[in-house]
Amino acid sequence: MRQGDHYWDETGAPPGPVVVTVDLAAQTVSVFRAGYEIGTAVIIYGADDKPTPLGVFPITQKDADHVSNLYNAPMPYMLRLTNDGISIHGSEVGDGYVTHGCIGVPRAFAKRIFDAVKLGDRVIVTNGERLDLGQPITAA
């Protein structure tokens, strides 16, 4: 996948819990429903002076038309992860783009993920962590 690319296909995925994984090293986000990957996209993330935090975060707020009060910047389809404003949101995704710690995804993908998740769903942010085939995601 290249900067700005995304893919979404729910075919065959049963209803169930949604978990979102973000790998900063791979610059990708994946959305899983009931253990099936239903979407993936190339991301942008925090600059060196405003890094994206690692860990497991519940989605605590959803706002389709959010505007950052710190940077006066649009954050469409915002999914808040931390109390200090770190979120997943629609963004211009391309070489050389970074965020102030947020996870930026293509706007069309942002709408899909926004519609797929609910408050309390977990987002797992790693930096290159790998699992063996069949190994459970322990942070989830």
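For every chain, the first residue of the written sequence is number 1, and numbering continues from 1 along that sequence. In keeping with the model being predicted, local features are shown solely for residues with a pLDDT of at least 70 and side-chain atom pairs are shown and tallied solely at 80 or more, while totals for entire chains, interfaces and linings include all residues. The side-chain figures draw on all heavy atoms in the structure; neither hydrogens nor water molecules are used.

For the rest of this paragraph, the subject is the sheet that holds strand E3 (residues 28-33). Pairing between strands is defined by DSSP: at least two bridges between the two strands are required. Only runs of H or I of at least four residues qualify as helices and only runs of E of at least two qualify as strands under DSSP, and these elements are numbered from the N terminus. An order of E1-E4-E3-E2-E10-E5 is seen for the six strands of this open sheet, with the pairing classed as mixed. Both outer strands of the open sheet, strand E1 (6-8) and strand E5 (55-58), are each paired with one neighbouring strand and no more. On average, adjacent strands in this sheet sit at an angle of 20° to one another, irrespective of strand direction. Sheet topology places E1 next to strand E4 (residues 36-42); three bridges connect them, and they run antiparallel. In this description, a line fitted to the C-alpha atoms serves as the axis of each element, helices being fitted only across the stretch in contact, and the angle between N-to-C directions of two axes falls anywhere from 0 to 180 degrees.

Quick look at the environment of Phe-109 now. Checked against the element boundaries, Phe-109 lands in helix H1 (residues 107-116). For Phe-109 and Thr-40, which are 69 residues apart along the polypeptide, the C-alpha to C-alpha distance reads 8.3 Å. Sequence-distant contacts of Phe-109, that is, excluding residues within four places in its chain, are made with His-6, Tyr-7, Trp-8, Val-29, Val-31, Gly-39, Thr-40 and Ala-41. Should any heavy atoms of two residues lie within 4.5 Å, those residues are considered in contact.

Let's shift gears to the nonpolar core. Among the nonpolar cores identified, the biggest contains 26 residues, and Val-20 and Val-22 are the most heavily contacted of them. Put simply, the parts of the chain that give this core at least two residues each are strand E2 (18-23), E3, E4, strand E7 (74-80), strand E9 (103-105), H1 and strand E10 (122-126). The element contributing the most residues to this core is H1, with four residues. When near neighbours in sequence (up to four residues on either side) are disregarded, Val-20 contacts Val-29, Ser-30, Val-31, Ile-88, Ile-113, Val-117, Arg-122, Val-123 and Ile-124. Side-chain atoms within 4.5 Å link the members of a nonpolar core, which is a set of buried Ala, Val, Leu, Ile, Met, Phe, Trp, Tyr and Cys residues. Note on classification: 1.4 Å probe, protein chains only; a residue is buried when its accessible area is under 20% of the maximum for its type, exposed when over 50%, partly exposed between these limits.

A few words now on the pairing of strand E6 (residues 61-67). Regular strands place side chains that alternate from one sheet face to the opposite one. Bridge analysis of E6 against E7 gives six bridges, and the strand direction is antiparallel. When the bridges of E7 are listed, His-66 appears paired with Met-75. Remark: six residues form the turn of the hairpin made by E6 and E7, two consecutive strands paired antiparallel; Asn-72 in that turn has positive phi of roughly 50°.

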